[in-house]
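Listed below are the residues making up each chain.
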Amino acid sequence: MRTKIETNNVHLHYGDFHALKGINMQIPERTVTALIGPSGCGKSSYLRLFNRMNDLIDGVRIDGKILIDNTDIYAIPQSEVDRLRRKVGMVFQKPNPFPKTIFENVAYGLRVNGLKDKKLIEGQVEKALRQAALWEEVKDKLKKSAFELSGGQQQRLCIARAMAIEPSILLMDEPASALDPISTGKIEELIYELKSNFTIIIVTHNMQQASRVSDYTGFFLLGELIEFDETKKIFRNPEKQQTENYITGRFG
Amino acid sequence: MISFPTQVDRKKRFHQAIAFWIARIISYSILLILFFILFFILKRGIGVINWEFLTAMPSDGMTKGGILPAIVGTLYLVLMSMVIAFPVGVLSGIYVNEYAKEGAIKQFVKMMTNNLAGVPSIVFGLFGMALFVNRLGFGASILAGSLTLALLALPLIIRTTEESLKAVDDTFRHASYALGAGKLRTIRKVVLPIAFPNIITGLILGIGRVSGETAPILFTVAAYFLPKLPHSVFDQAMALPYHLYVISTSGTNIQASRPIAYGTAVILILIVLGMNLLANFVRSHYSRKVKMK
Amino acid sequence: MGRLVERSAEGLIKACGFASALIVLLIVFFLFKEGISFLNSSPVEDHYALFVHSGNPVTQLDEGQIKDLFDKKITNWNQLTNYEYPVVLLTAGDLERLFTPEQLGKNLEYLNACVAHYIDTVPGTLAYFSERQLGLSPAIRIVPVPNISLWKFLSGRQWFPTAQPAAIMGTLPLILGTLLVSLLAILIALPLGLAAAIYLAEIADPRMRNILKPVIELLSGIPSVVYGFFGLVVIVPFIQNLFGLPVGETALAGSFLLAIMALPTIITVSEDAIRTCPIAVKEASLALGASHWQTIFRVILPYASSGITAAAILGIGRAVGETMAVLMVTGNAALMPTSLTQPVRTIPATIAAELGEASFGGLHFKALFALGCLLFLITLVTNLLVERTTSKSRKS
Amino acid sequence: MLHVESEIQELKDRLIAMWDLVIKQLDKTQQALEGHDRDLALEIQATERRINAFELTIDRSCEDFIALLQPVASDLRFVLTALKINTNLERIGDIACGISEFISDHDTEFNREIIKHMEADRMLTLSIEMVKNLREAYLLENTAKARTVYKRDRMLDKINSVASFRAVDCLEKYPDQKRQTLHVLSMIRKIERIGDQAKNIAEEIIFYIEAKVIKHKRKEKDKEE
C-alpha cells in the first residue's frame, strides 16, 4: 500500500508547552487510522497538523516534517494552504452545520472555492449526501435549515460537507462523541464504508470505536506516540505496557 | 474528479485583503471621529477650567463666572437618586435572581424591569412631572428630580445586581445550605460578598449615567438661572447637563457663553471618564483579591 | 426574634421586587391617563365656542378650517358651504373697536345683545367668545367643532398646539420626523458599526482590541447633551457650509449625530453577537478551504444575524427616544419632512421643548403626554422585537 | 450490510467451509471403510492437517471479532458458538482421521460380517447424517433440525452399549480375526464420540438461536421428546 501521510520527528509547541514530542508515523492510503489516548495527550493537536488548523492559534511552533503525498505541507507558501485544505477534509467533535440550508451547507465548499456551475454543484451535493448515507433522509428538504436535522443527521451532513469537495484525506476529531449510540453506530458504519475512497484519520476517546472502525491505531501519551501498529495487534497483544494498561482501563 | 478554478486562491486572498482594509479603515475612522469629539471639546474647554470656574456663581447673564450651583445641584441629584435607587435596585435584583420562582411572577417582574430599561429618558421626565411635581405636589425640586433620576437608574442597578448574582456559582449556595444556613443568611454572608464588586461597578456606572441625564430633569428640577445654592430638597436647582443645554442654545449671548459651555462639557466628560476608570479599578482590584483567595 | 427579622427582611426584598415592576405600570398609568383624556376632548379651549349667524348653513368646523378662517386664508364662506358672505372675524379684542363701553355695559352685561346684534347685521361673522359671556339668542348659533380623534391625532399633517382659537394637533410630521432621523441614523451607523465590530471581533489583534474596547465603552457613557453640544458647534455649521443652507439645524445633522451616538451600542452588541459563533463552525469553514473573509461573510455574519438585527432594532429604539442631542441640532420645525436638509422635529424634542410652556392640565399638556404614550409604545415594541429576535437565535 | 454483519457472514462462511471439509472427510472415511481403500485413508490423514490449520484461522477470526468488535447479545452468542463448534468440528475431523488410521493399518480387507454384526457401518452413516443435519440446522438457523441429532445419538449410544457383547460374539465366531474385531470395536467407540461432539454442536446451535442453555439438562429434554 502506498504511504499517504508521513510524519518525521514532529514537535509541536504552544508557547512554552511541548505538546508533541517527536512523532513518527506512516499512514497508508485508503485505510482508517485511529488516534487514541487520554485527554490532553496531543492526539487532537496532531490531527490538526494535517490541514494546518493549528496555524490559527497564536504562539504555535512546529518542527519536523509532515509529508502528504510526498509534499512537505509546512514548506508550501501560505497561498497554497487553501489548496491543502481542499485535499484534507475535516469533521469536528460536535455537529457544526452552518446557518444555511441543507443544500447550501454541502455546496459551501464548492462555492467558496470558486465553482459556479449550478448543475455541477447539484451533482456534487447529491453525490456527497449519498456517500454520507443521508440522501434518502434529506432529499425532500434540501431547502430546509440544517438546524432542523437531528444531531446524528447533522454530523453526517458535516461529513457530506467535507466530502463534497472530494478530499483524499478525511480528518475526524471525535466525530461521534456528542451523539447517541444509534447515531454513533451510523457514523461508524459510514467510516467503514468510506475507507475504500478516503484515507481517514480519526481521533477518539472511545477505544471500542477505535477497534471497530480502524485498521491502524496510534496510542498517544503526554505528547508522545507510545505505539503505532495494526489495530488487531494493538487490541490483541500490544507491545508496550502503557498501551496495554490504557486499553484495558488500568490506566492511572 | 472535480477541478477548481486555477486562480481561485489568489482571488480569495485579494478579496480578503480588500475587505479587511475596508474594515480597518472604517474602524480607525470611527475611532478618529470619537477621539476628535473628545479632543475638540477638551481642547477648548480645559483652559476654561480653573478654581474660579468651579467655585464661582455664574454672572453677566451666564457669560462669565463659574458653574458652582450647577455642580452642587448635580451632586445633590446624583447622591439623592442613588440613595433611593441603590437599595431598591439591589433588593429587587436579589428578589429576581434569588427569590422569584420560575413562572409568571418572575417573568412579569423581569419583563417589566427590562421594559423600564428601554423607556426613553424624556418619558421618565414626563412621568416625574406628572407624579412628583404635580400629583404629589413637590413642585420642581431636587426631591422630584432625584426621584425621577432614581427611576431611570433603577433598571441599570437591577440588571447589574441580577447579573452579578447569576455569576455566583451555585456550588457556593449549596455549600452554605449544606452547612445549615438559611436562605437569607446564605445571601448575606456568601452570595452578596462575592457579587459585591460587580454590584458596586454597576453603581458607579449608574452615577456616571445619572449625572449626565438632561431630559428627566428638564421639568422636574432644573432652573434656568439660579445664582444661589439650594437650601432644601424642595428647592429648585441648576444642574450641569441642563446648564450646558441652556447656555449653548438659549442663553442671552450664546457666543459669549461658549467658553463656559465648553468648560461644562469638559466637566461632564471628566465625570464619565472618572466613573469609568473607577469602575475598572474596582473590577480589577476585587478580581485580583478573589483570585488570591 | 431572629425569625421575625428574617421574615421582615424577605418581605422587604419581595416588596422591592414588586415595587420595581409596578413602577412600569405606574408610568403607563400616568402617561395614559393624561394622554387618553386628550382624545375626545375639544380642540377649542374649555367654555369657549364659535358663533355664527343662524342663517349660516355651515354644519361644523374642524381645527384646520378654523385656523384657515382666522389666518384669513378663507375669506368667504362659499369656500366651505353655499353661503355667499365674506368672513368677518369677531373676538374679544374687537369689542373695543366696535362698541363703546356704554354699549357693553359696566360688567359687559350687554355684550350678549351687542354681539347678537352685530352678527345679525353682518351675516358672515365668525365670533369666538366664552360661552359664559355669550348666551344664545335666536340670531346666533354655536358651530360645533368635532373632538380630537385618534386617527386625526396620528394622521394630521399640522402641529400648532397653541393655535387660537382651536389647537391643531396632527402628529404625523413629528412621527415622520422621528422615523426619518432615526432610520437614517441607523442606516449610517449600522454598516460602519458592523465593519468595526467585525474588525474588533475577527481582525484586530488582541492588543488593539484592548485599547479600542474601553474607548468605545467610555463613549457610550458620554451624556447626550455633550454630543448635542458637539453637534451644535461642529456638525451644524459643517452641514450649513457644505450644502449652502440658511440654517444648519437639519434632519441630516440629527441623523449624523445620532449615528455617532448609536455607534458604540451597535459595535458592542454586534461584536457580542459575532463572538457567539462557535469556533468549531468557523474552523469548519476554514477547513473547507474558505478564506478568513469568506468565513466571516458567509458563515459568521449569518450566524450573528439575529444578534445584529437586535443591535439595529435596539439602536433604532434608542435613537427614537433620544431627546437632548436631537433637540439641539435638528431645528425643531414641525413641518412634514420633505428633504434631509430641512429642519425637522422629533417626538421627544417636541415634548422637551413644549412641556415647559404648556399649562398644567391643559389641552397642550395632555397632547404632550399623548406623545409620551406614543414614544412609550414605540420603545415597548422595539423591546419586544429585540427579545423575540434574541430568543429565536437562542433556540437555534 | 452493517460492518458487524459482514464480519459475521464471513465467519459463518468459513465455519461452513470447515464443516464441508469435515463432512467430506467423514464421507471419505465411509468409502474407505466400504472399499477398504487404503490410499483414500492416507489421503484423509493428509487432509487432517488442513483441518487443523482451518481451526486455527477460525479461532483467530473469533478472537479478532471479540477484540475489535466487542460483540454483545446475539452477536456475542454467535461468536461464542462459532468458537465451540469450530473446536467440535476439529475433533470430529480428528476422529475421522483416527478411523482412517485403522483402515490404512490393515493390509487385508475388513470382514464385512463383523462390521455388519457390530453395526459399525450403520453407526458411521448415522453420524454422518448427524453432522450433515447440523450443518443444515446451522445454516438455516433451524433448531428443530438440530434437535434431530438427539434421536440418532441415542441410537448410537444403544449400538455402542451392546458393542462389547457383540464383539465377544465375533471373537468367538471369528477367532482368527480377533485384531479386526477389536479394531472395529475401537472404531465404534470413536464413532460414538462423533455423536457426542454432534450433540454438543446441537446444543451450541440451540443456544445461539434460542439463547437457551440446554447443556446438562439433557435428561429432562430427552424425556420431553
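Residues numbered from 1 in each chain as written. Chains lettered and ligands numbered in written order. Predicted model: local features only at pLDDT ≥ 70, side-chain atom pairs only at ≥ 80, totals over all residues. Heavy atoms only, no water.

Draft legend 1. Structural detail: the interface of chain C and chain B. Facing 73 residues of chain C, the contacting portion of chain B comprises 73 residues. Buried surface at the junction of chain C and chain B, summed over both partners, amounts to about 6,700 Å²; 82% is from carbon and sulfur atoms. It is Ile13(C), Phe30(C) and Phe229(C) in chain C that bury the most area against chain B; as a group they hold 10% of the surface buried on that side. Where chain C packs against chain B, one counts one salt bridge. (Contact = heavy atoms within 4.5 Å. Buried area = accessible area lost by both parts, 1.4 Å probe. Salt bridge = Lys/Arg side-chain N within 4 Å of Asp/Glu carboxyl O.)

Draft legend 2. Local environment of a nonpolar patch on the surface. A grouping of Ile46(B), Leu270(B), Leu273(B) and Leu277(B) is seen on the molecular surface, where their side chains present a nonpolar patch of about 340 Å² in accessible area. Structurally, the position occupied by Ile46(B) is in the loop between helix 1 (8-45) and helix 2 (51-55). (Patch = residues over 30% accessible without salt bridge, like charges linked within 9 Å, V, L, I, M, F, W, Y side chains within 5 Å. Areas by Shrake-Rupley, 256 points an atom, 1.4 Å probe, with all protein chains shown as cover. Helix = DSSP H or I, 4+ residues; strand = E, 2+ residues; numbered from the N terminus.)

Draft legend 3. Highlighting the arrangement of the chains. Ranked by contact count, the leading pair among the four pairs of chains in contact consists of chains B and C. If you take every C-alpha in chain B and every C-alpha in chain D, the smallest gap between them is 27 Å, and the two do not touch.

Draft legend 4. Main features of the environment of Tyr108(A). When you line up the elements, Tyr108(A) lands in helix 3 (residues 102-112). On the basis of relative accessible area, Tyr108(A) is assigned to the buried category, the value being 2%. Taking the C-alpha atoms as reference points, Tyr108(A) and Phe98(A), separated by ten residues in sequence, lie 9.0 Å from one another. Setting aside chain neighbours within four positions, we find Tyr108(A) in contact with Phe98(A), Lys100(A), Ser285(C), Leu288(C), Ala290(C), Gln294(C), Thr295(C), Arg298(C) and Val299(C). (Buried < 20%, exposed > 50% of the residue type's maximum accessible area, 1.4 Å probe, protein only.)

Draft legend 5. Inspection of the packing of helix 7 (residues 172-203) of chain C against helix 12 (residues 292-321) of chain C at higher detail. Residue and element names in this part refer to chain C. Two elements in contact, helix 7 and helix 12, have axes separated by 9 Å at closest approach and are oriented at 145°. Seen from above, helix 7 lies across helix 12 with right-handed handedness. Contact residues: helix 7 offers Thr 178, Ser 182, Leu 183, Ile 186, Leu 190, Leu 194, Ile 198 and Glu 202, while helix 12 offers His 292, Ile 296, Ile 300, Leu 301, Ile 308, Ala 312, Gly 315, Ile 316, Ala 319 and Val 320. Taken together, the residues of the contact of helix 7 with helix 12 break down into 13 nonpolar, four polar and one charged. (Axes fitted to C-alpha atoms, helices over the stretch in contact; angles between N-to-C directions. Left-handed = near helix turned anticlockwise from the far one by under 90°. Nonpolar A, V, L, I, M, F, W, Y, C, P; charged D, E, K, R; others polar.)

Draft legend 6. Molecular detail of the interface of chain A and chain C. Of the residues lining the interface, 24 residues belong to chain A; the matching set on chain C comes to 17 residues. In this assembly, chain A packs against chain C so that about 1,700 Å² is buried in total across both faces, 64% of it on carbon and sulfur atoms. Summed over the three residues of chain A that lose the most area to chain C, namely Pro99(A), Tyr108(A) and Val112(A), the buried surface amounts to 28% of that side. For the pair chain A and chain C, the interface holds one salt bridge. For the salt bridge of Glu283(C) with Arg48(A), the shortest nitrogen-to-oxygen distance reads 2.4 Å. Where chain A touches chain C, the interface holds six residue pairs in polar contact (both at pLDDT 80 or more). For the side of chain A that touches chain C, the secondary structure elements donating two or more residues are helix 2 (81-87), strand 6 (88-91), helix 3 and helix 6 (151-163) of chain A. No other element matches helix 3 of chain A, which puts four residues into the side of chain A that touches chain C. Here the residues of the side of chain A that touches chain C are counted per class, giving 13 nonpolar, four polar and seven charged. (Polar contact = N/O pair within 3.5 Å; in protein donor to acceptor, adjacent residues only side chain to side chain.)

Draft legend 7. Local environment of the pairing of strand 10 (residues 224-230) of chain A. All names here are of chain A. Sheet topology places strand 9 (residues 216-221) next to strand 10; six bridges connect them, and they run antiparallel. If you follow Tyr 216 over to strand 10, its bridge partner there is Glu 230. Linking two consecutive strands that pair antiparallel, namely strand 9 and strand 10, is a turn of two residues; a positive phi of about 50° is found at Leu 222 within it. (Pairing = 2+ DSSP bridges.)

Draft legend 8. The packing of aromatic side chains, seen in detail. Within this structure, the stated rule accounts for 32 aromatic pairs over all chains. Between Trp19(D) and Tyr138(D) the ring centres are 5.3 Å apart and the planes differ by 40°, which places this aromatic pair in the tilted class. Taken together, the residues span a long stretch of sequence, with Trp19(D) in helix 1 (residues 3-35) and Tyr138(D) in helix 5 (residues 120-140) at a distance of 119 residues. No difference in accessibility class separates Trp19(D) from Tyr138(D), as the two residues are buried. Here the aromatic cluster, defined as three or more aromatic residues joined through ring pairs, consists of Phe127(B), Phe132(B), Phe138(B), Phe234(B), Phe29(C) and Phe30(C). The lysine or arginine in question, Arg24(B), covers the ring of Trp21(B), its NZ or CZ lying 4.7 Å from the ring centre. (Phe/Tyr/Trp six-rings, centres within 6.5 Å; stacked < 30°, edge-to-face > 60°. Lys NZ or Arg CZ within 6 Å of the ring centre and 35° of its normal.)

Draft legend 9. Spotlight on unusual backbone geometry. The phi dihedral of Asn332(C) is positive, around 60°, even though this residue is not glycine. Its place among the elements puts Asn332(C) in the loop between helix 13 (324-329) and helix 14 (347-354). At Glu119(D), a residue that is not glycine, the phi angle is positive and equals roughly 60°. With respect to the helices and strands, the residue Glu119(D) is situated in the loop between helix 4 (112-118) and helix 5.

Draft legend 10. Quick peek at the environment of Ile66(A). Among the secondary structure elements, Ile66(A) is positioned in strand 4 (residues 60-68). Non-local contacts of Ile66(A), meaning those with residues more than four positions away in its chain, are made with Glu6(A), Thr7(A), Val10(A), Leu49(A), Phe50(A), Thr71(A), Asp72(A), Ile73(A) and Tyr74(A).

Draft legend 11. View of the sheet that holds strand 1 (residues 3-14) of chain A. Residue and element names in this part refer to chain A. Here we have four strands laid out as an open sheet, ordered 2-1-4-5, and antiparallel in their pairing. This sheet does not close on itself; its edge strands, each paired only once, are strand 2 (17-28) and strand 5 (71-72). Two elements, strand 4 and strand 5, share two bridges in a ladder whose sense is antiparallel. Within strand 5, the position partnered with Leu 67 by the bridge is Asp 72.

Draft legend 12. Fine view of the domain arrangement of chain B. All names here are of chain B. When its domains are assigned, chain B resolves into domain 1 (14-48) and domain 2 (51-55 + 63-292). Put simply, the middle of domain 1 and the middle of domain 2, counted by C-alpha atoms, are 30 Å apart. Across the contact, eight residues belong to domain 1 and seven residues belong to domain 2. Buried area between domain 1 and domain 2, summed over both chains or domains, comes out near 690 Å², and the portion from carbon and sulfur atoms is 89%. Three residues stand out in domain 1 for area buried against domain 2, namely Ile 41, Leu 42 and Val 48, and they jointly supply 60% of the buried area on that side. For the side of domain 1 that touches domain 2, the per-class residue count stands at six nonpolar, one polar and one charged. (Domains from an automatic or database assignment.)

Draft legend 13. Molecular detail of the side chain of Thr125(C). Residues and elements named next belong to chain C. Mapping Thr 125 onto the fold places it in strand 3 (residues 125-130). Looking at Thr 125, its side chain comes within polar contact range of the main-chain oxygen of Val 122, at 2.6 Å. When near neighbours in sequence (up to four residues on either side) are disregarded, Thr 125 contacts Phe 51, Val 52, His 53, Trp 77, Val 88, Leu 90, Tyr 118 and Ile 119.

Draft legend 14. Here's a closer look at the environment of Lys67(C). Residues and elements named next belong to chain C. Tracing the backbone shows Lys 67 in helix 2 (residues 63-70). With 96 residues separating them along the chain, Lys 67 and Ala 163 place their C-alpha atoms 7.4 Å apart. Residues within four places of Lys 67 in sequence aside, it is in contact with Phe 160 and Ile 168.

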